[in-house]
Every structure is written in C-alpha cells, then in structure tokens.
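A structural walkthrough
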Amino acid sequence: MNSTATCSKCAFFDLHSNGIQTPKQDGLCRFNPPVSQPSAQDHGLWPVVSTNDWCGHFASGSTQTAAE
Ligand code: SF4
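Definitions and limits used
Residues numbered from 1 in each chain as written. Predicted model: local features only at pLDDT ≥ 70, side-chain atom pairs only at ≥ 80, totals over all residues. Heavy atoms only, no water. Helix = DSSP H or I, 4+ residues; strand = E, 2+ residues; numbered from the N terminus. Buried < 20%, exposed > 50% of the residue type's maximum accessible area, 1.4 Å probe, protein only. Contact = heavy atoms within 4.5 Å. Areas by Shrake-Rupley, 256 points an atom, 1.4 Å probe, with all protein chains shown as cover. Near = heavy atom within 4 Å. Nonpolar A, V, L, I, M, F, W, Y, C, P; charged D, E, K, R; others polar.

**Side note on the overall build of the chain**
In terms of regular secondary structure, the chain is built from 0 helices and 3 strands. Reading the helices (α) and strands (β) of the chain from amino to carboxyl end gives β-β-β. Considering the chain as a whole, with its 68 residues, one finds that 19% of them fall into the buried category. In the chain, 52% of the contacts between residues at least 6 apart in sequence involve partners at least 24 apart. Carbon together with sulfur atoms contributes 56% to the accessible area of the chain, which is approximately 4,900 Å² in total.

**Topic: the site of the ligand**
Residues in contact with the ligand, as listed here, are C7, C10, F13, C29, F31, C55, H57 and F58. Among the residues making up the shell around the ligand, the classes are represented as 7 nonpolar, 1 polar and no charged.

Below is the structure:
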C-alpha cells in the first residue's frame, strides 16, 4: 500500500465530525452508513479512524477544508 494513501488524504475522512469529540488526530470514516444504532432514540455510530490509518477503500481527494 502506498504510504500516502492515509485516511487524512481520503475523500471519506471527516475531521470535523459534527461536534463529536475525538482525539485531535482522529476523525470519522464516511465510506459506509453509520452502524450499531442501539435503539430508536440513539444515533448510529460512524467509525473513528486516525489520520495515519488506511484501508482498501481509500479514495484520493478531500471533500473538506481545514477551515470548515
Ligand atoms: S478507513 Fe478507508 S475509506 Fe475510511 S477514511 Fe480511511 S482510507 Fe478512507
């Protein structure tokens, strides 16, 4: 795997995470819909990934800017 194909450079990486507090180097993977909705009142969960993680679904490009 190319070492530049990391979550931080992936189109599906969401650093801003809608107010969800994660460690600074973490973000959410938006490749799949949220999972594990324990009850109707709860929200589904997006997988938390680190900037230097990667997976086989990597897509180059970013959908966001740091100022968003
Ligand atoms: S886990 Fe895969 S699809 Fe999700 S942000 Fe990282 S490289 Fe992209």
